[in-house]
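Structure at a glance
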Amino acid sequence: MADAQMPHPRGRLTPNRMLSELTWLRVGGPADWLFQPADTEDLVTFLGALDPAIPVFPMGVGSNLIVRDGGLRAVVIRLGRGFNDITIEGRTVTAGAAALDAHVARKAADAGVDLTFLRTIPGSIGGAVRMNAGCYGSYTADVFQSAEMVTRDGQCRTLTAKDLNFRYRQSDLPEGAVITRVTLQGPRDDPSALHARMAEQLAKRDATQPTKERSAGSTFRNPAGFSSTGRADDIHDLKAWAVIDRAGLRGVRRGGAQMSEKHSNFLINIGGATADDLESLGEEVRKKVYDSSGITLEWEIKRVGEPAPQKTPGQGDKQALNNTRR
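About the cut-offs
Residues numbered from 1 in each chain as written. Predicted model: local features only at pLDDT ≥ 70, side-chain atom pairs only at ≥ 80, totals over all residues. Heavy atoms only, no water. Salt bridge = Lys/Arg side-chain N within 4 Å of Asp/Glu carboxyl O. Helix = DSSP H or I, 4+ residues; strand = E, 2+ residues; numbered from the N terminus. Buried < 20%, exposed > 50% of the residue type's maximum accessible area, 1.4 Å probe, protein only. Pairing = 2+ DSSP bridges. Contact = heavy atoms within 4.5 Å. Axes fitted to C-alpha atoms, helices over the stretch in contact; angles between N-to-C directions. Phe/Tyr/Trp six-rings, centres within 6.5 Å; stacked < 30°, edge-to-face > 60°.

Should the charged atoms of two oppositely charged side chains come close, the side chains can pair. Under the counting rule described, the total for this entry stands at 18 salt bridges. Two residues, Arg303 and Glu279, come together in a salt bridge whose shortest N-O distance is 3.4 Å. Highlighted residues: Arg303 in strand β17 (residues 302-304) and Glu279 in helix α8 (residues 275-293), separated in sequence by 24 residues. Salt-bridge contacts for Lys288 lead to Glu284; the nearest nitrogen and oxygen are separated by 3.7 Å. Placement of the pair is Lys288 and Glu284 together in helix α8, with a separation of 4 residues, close to one helical turn. Since its relative accessible area comes to 32%, Lys288 is described here as partly exposed. In this structure, a network of salt bridges that share partners links the residues Asp32, Arg73 and Glu306.

A few words now on the pairing of strand β5 (residues 72-78). Summarising burial for β5: 6 of the 7 residues are buried, a large majority. Where strand β2 (residues 30-36) and β5 come together, 4 bridges link them in parallel fashion. In the strand pairing of β5, Ala31 is matched with Leu72. Sheet topology places strand β3 (residues 56-59) next to β5; 4 bridges connect them, and they run parallel. Residue pairing for β5: Met59 is matched across the bridge by Arg78.

Pairing is antiparallel in the open sheet, where 4 strands are placed in the order β13-β16-β15-β14. The open sheet has two edge strands with one neighbour each: β13 (214-218) and β14 (253-254). Pairing between β13 and strand β16 (residues 266-269): 3 bridges, direction antiparallel. Paired with Arg214 across the two strands is Asn269, which belongs to β16. Along the sheet face, α8 touches β14, β15 (257-259) and β16 and points at about 35 degrees away from the line of β15.

What follows concerns the packing of aromatic side chains. Across all of its chains, the model carries 3 aromatic pairs by this definition. Ring geometry for Phe220 against Trp299: centres 5.1 Å apart, planes inclined by 55 degrees, an arrangement best described as tilted. Residue Phe220 is located in the loop between β13 and α7 (240-246), and its partner Trp299 is located in the loop between α8 and β17; the two are separated by 79 residues in the primary sequence. We classify Trp299 as buried; its relative accessible area is 7%.

Here it is in structure tokens:
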């Protein structure tokens, strides 16, 4: 598909772009094309002219994503500077879909609007809507007002909460659609109190999560069906990290992949991991958790693309699971 006839946008269109450079886990093969639109009009025109048979994959900042080693046979759309503005009017915050969650939280706090739960969530606000991101008992759905998107055939549309049908770590978004702008509304509070709350959240996150490692955030959804509340009375029996611990899998490794010693629901690239190392380790953890507890862990990290071509005999065997701890 890399040699297919493509539209000529004003933005940047790059063939055979390695996606390992764009994901937080630093793995993944090439996309047939990477398109970085200049603005919404450019995106509309491009998608309207693109052959409908060519798949489109909207990609945020790669914070919650494993791209397989064989890459993606698709046009990957990644929004940039033309989509990261943030404006605030009263309690209403409107942000381009590429604006980082942390930036939205900080700017909202400056204006006395409480979106503090977004501060510690990795990724962009468009991705937060797509997966109904949340923590400390708050979710994007709680503050969501509307979103603008461009459909796969190049039409602009406004989405309501009813359209998106938010659930735990899920929403309904049409295939190939690209969210371009999001409007949220939070409660009022004192800016200094909001910034102090975010500082506490950051300190807690840094103390309990491997924030200096290459990870993609939480690997699996909590079996309980909701995020941690952060309160002292929080119950941990059906947290993903707890069932992984009970299966004896904290720190387990495969190749360059490891379930973090610091937080066992974080899959990390400790150096030289392939996408196959990471995904295979995750699947091994899912199997062992099910065998030990009957609980089926569901992936929170999105996995896309094709595996690497099979090695020919003599090129080396896949490394077996290694339970050696760091």
